[in-house]
Amino acid sequence: MDGVLVDSEKMYDECWRLASKDFGLDAASMIRLRRKCIGINRSDTEKILSENVKALDPKKFYDSTESYAEKLKLEKKYFASECLSFLKMRNYVLFLASSNSKKYAVKKMAELGLLEFFLPDRMIFSDDVKNAKPAPDIYAECVRRLGFASCECAAVEDSPSGIRSAYDAGLKTVMIPDIIEPDFEIKGKCDLILSNLKDLCDNVELDVKI
């Protein structure tokens, strides 16, 4: 969801900047720390905060960022609706795999008109697995629910943690980088690296194999 279908990463940067100001923290340093949290769930983010910022209550800080997130406008990523519609028309089976909580993700997807592309039993969230991304659990559960072999499935991700999760679960991987460009390790785990969702549809149209 975040960074692939929903243009949320820059918004989250702003949320962390505003929360940092409230807590008397250096915003630039906190936003750099947020880069380590992209694609992972709340509990792991709070752990990173606790380990890196002394005398900070990570729960209160996270709550503050969430409060700002509710106030700021969220937009779809370029070509998100068109891409999902295109893939459905091509009879691709779509499955949403998000590190967000179900309550938050479903609300935001519905507000942006993206929820309609996913059946209720073809969505999975951080609440549904023991270990969130970058652990492979979330994608392994996707594959199990779909009944396909992992090599028959492809994950579209924007973050290194998401790519690691899908790769370790045995899926093909397509990366559309958002605010973090892939390093040498992540490039080695990607079957395709594209610029945007329009490029993904163009590759499908050309029947490019991944």
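Structure's up top.
Worth saying up front: this structure is predicted, and the values here are computed from it rather than measured.

Describing the nonpolar core
In this structure, Leu5, Val6, Leu96, Met109, Leu114, Phe118 and Leu197 are the most contacted members of the largest nonpolar core, which totals 35 residues. Contributing elements (two or more residues each) for this core: α1 (9-22), α4 (58-71), α5 (80-89), α6 (102-111) and α10 (197-205). Looking at which element gives the most residues to this core, the answer is α5, with 5 residues. Ignoring anything within four residues of it in the chain, the contact list for Leu197 reads Val4, Leu5, Tyr78, Phe79, Ala80, Cys83 and Ile176. Ala97, Cys142, Ala166 and Ala169 belong to the second-largest nonpolar core, a separate cluster that totals 13 residues.

Some thoughts on the environment of Asp199
In this fold, Asp199 is placed in helix α10. On the accessibility criterion, Asp199 (24% relative accessible area) is partly exposed. C-alpha of Asp199 to C-alpha of Phe79: the two residues are 120 residues apart in sequence and 9.6 Å apart in space.

Things to note about the state of the cysteines
Inspection of the entire model under this criterion finds 0 disulfides. Distance from the sulfur of Cys83, which forms no disulfide, to the nearest cysteine sulfur (Cys201) is 3.5 Å. For Cys83, a relative accessible area of 3% translates into the label buried. This cysteine, Cys142, is not joined by any disulfide, and Cys153 carries the nearest cysteine sulfur, 8.4 Å off. Judged by relative accessible area, which is 5%, Cys142 ranks as buried.

Here we look at the pattern of salt bridges
Taken as a whole and judged by the stated rule, the model has 20 salt bridges. With a shortest N-O distance of 2.9 Å, Glu185 and Arg164 are connected by a salt bridge. Of this pair, Glu185 sits in helix α9 (residues 184-188) while Arg164 sits in helix α8 (residues 160-168), and the two are 21 residues apart along the sequence. When its relative accessible area of 35% is taken as the criterion, Glu185 is described as partly exposed.

Conventions adopted
Residues numbered from 1 in each chain as written. Predicted model: local features only at pLDDT ≥ 70, side-chain atom pairs only at ≥ 80, totals over all residues. Heavy atoms only, no water. Core = buried A, V, L, I, M, F, W, Y, C linked by side-chain atoms within 4.5 Å. Buried < 20%, exposed > 50% of the residue type's maximum accessible area, 1.4 Å probe, protein only. Helix = DSSP H or I, 4+ residues; strand = E, 2+ residues; numbered from the N terminus. Contact = heavy atoms within 4.5 Å. Disulfide = S-S within 2.5 Å. Salt bridge = Lys/Arg side-chain N within 4 Å of Asp/Glu carboxyl O.

Function-wise, these values are silent; they only describe arrangement.
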